[in-house]
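Listed here are the chains, written in short residue letters.
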Amino acid sequence: MSPAPRSPLALTRRHLLQAGSTLALAAPAVLRAQSGPKIRIGYWPIAAGLPFYAAVEMGFFKEAGLHVEVQRHAGAQQIMEAMLSDRCDGSANGTGSANIAIGELAAPGTFKIFCSNPSNAKYVLDEVLVPSASPAKVMADLKGKRIASGPGIQNVTLAKTVLERGGATGATVIELPIGQHVAALAAGQVDGCYTLEPTGTIGRLNSSTRVLEAGVISRYVLGDPMAPWFGGSASLTSAFIKKYPAEAQKFIAAYAKGVAHVRSKPADARQYLKGYTAIEGPLTGEVPLAAYTLYNEFTAADIAHFQKFFDLFSDKGIFASRLLVDSMLYKA
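Predicted model, so just to flag it, every value in this text is computed and none were measured. (Residues numbered from 1 in each chain as written. Predicted model: local features only at pLDDT ≥ 70, side-chain atom pairs only at ≥ 80, totals over all residues. Heavy atoms only, no water.)

> Explain the pattern of salt bridges to me, please; I cannot follow it from the model alone.
It is possible for side chains of opposite charge to pair when their charged atoms get near one another. Applying the stated criterion to the full structure yields 10 salt bridges. Among the ionic pairs, Asp-86 bridges to Arg-40, the shortest N-O distance being 3.1 Å. With Asp-86 in the loop between α5 (76–84) and β3 (90–91) and Arg-40 in strand β1 (residues 38–43), the pair connects residues that are 46 residues apart, well separated along the chain. Taken together, the shared-partner salt bridges in this structure form one network comprising Arg-40, Asp-86 and Asp-89. (Salt bridge = Lys/Arg side-chain N within 4 Å of Asp/Glu carboxyl O. Helix = DSSP H or I, 4+ residues; strand = E, 2+ residues; numbered from the N terminus.)

> Which parts of the structure should I look at to understand the nonpolar core?
Generally speaking, a soluble globular protein has its nonpolar side chains buried in company with each other. With 50 residues, the main nonpolar core has Met-139, Leu-142, Leu-158, Phe-309 and Phe-310 as its most contacted residues. When neighbours within four sequence positions are excluded, Phe-310 is seen to be in contact with Ser-97, Ala-98, Ala-101, Phe-319, Leu-323, Val-325 and Met-328. Of all hydrophobic cores here, the second largest spans 38 residues; its members include Ile-41, Tyr-43, Ala-234 and Leu-294. (Core = buried A, V, L, I, M, F, W, Y, C linked by side-chain atoms within 4.5 Å. Buried < 20%, exposed > 50% of the residue type's maximum accessible area, 1.4 Å probe, protein only. Contact = heavy atoms within 4.5 Å.)

> Is there a simple way to explain helix α7 (residues 153–165) in this structure?
Every α-helix winds through 3.6 residues per turn, so residues three or four apart in the chain are directed the same way. Here α7 is 13 residues long and its end C-alpha atoms lie 18 Å apart, about the 18 Å a rise of 1.5 Å per residue gives. The set of residues buried in α7 consists of Gln-154, Asn-155, Val-156, Thr-157, Leu-158, Ala-159, Thr-161, Val-162 and Leu-163. Of the residues flanking the end of α7, it is Gly-167, one or two places downstream, whose phi is positive at about 90°. (Expected span 1.5 Å × (residues − 1).)

> Whenever I open this one, the sheet that holds strand β9 (residues 209–214) confuses me. Can you help?
Hydrogen bonds between backbone atoms are what pair the strands of a sheet, whose relative direction is either parallel or antiparallel. Strands sit in the order β7-β6-β8-β5-β9 across an open sheet of 5 strands; the sheet is mixed. Because the sheet does not close on itself, it has two edges, and the strands there are β7 (172–175) and β9. Across the sheet, the mean angle separating the axes of adjacent strands is 30° when strand polarity is ignored. Inspection of the sheet shows strand β5 (residues 126–131) paired to strand β8 (residues 192–196) by 4 bridges, in the antiparallel sense. (Pairing = 2+ DSSP bridges. Axes fitted to C-alpha atoms, helices over the stretch in contact; angles between N-to-C directions.)

Right, dumping it as structure tokens:
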């Protein structure tokens, strides 16, 4: 007796499987390599994330055979929460270090910082802005005024500390997305704002705002205008590093290529602010850039400054206990 004929469905499935195998073998090596884990990285649309933007746009992650999913978030707190809930595997530079620390205190051992972006009076990220026509000349002139800050506990705590130590007693801090700071100042809704670049550049170039003081965290929190403030950090979750150690190393190496490009060719790197932040076109040439410190570049002095920043939050009761920065740094 001859065997029963195979159904069209069985033939179709077999042919599809065979075709799929053939296509997989024929695919370029770089595409086959990207069949590994999806690496979900959250970013906040500020200038400090430039190494990540450059690494994505220049194909450094793809060259390493990595599949990186770019996630845009409204604030650093949302990125931290996404990492805690396994909706995100890491953060780009610019994500508030204190926000990451709060997540670490909630779930010890979860976060590992592999790159931070120090800023100060020279490498400007943080600043206090006022409307162009404001009579304010020094921080103390903002006494009793309405001051906007970016969203999240790090921004609000720092804004209040800067105002208090700068003599602007009685000021009211209002959380507002940084993309709305310039418009709020121009419309007279607030009298000043503690903000991050590129906000100051946008306001200056459209003549609606001016910088009252830049590098305010280094001056008022760290006590030295040139001290490095490690306000934002790129990180990966320990769970991802443990589950995919090879991919984690490749990701950090590719990210480091983005850092190297920003350091060596800042003029070229600036173009990658477009689409990731609110600034684009010729305006990208005006944005001050932060510096970057990779995990294997931290000095003892760097860690001491980083620790002083963290200690502000434990001193004010924002952190439930003192958190040691060194315990959060990635170790290769």
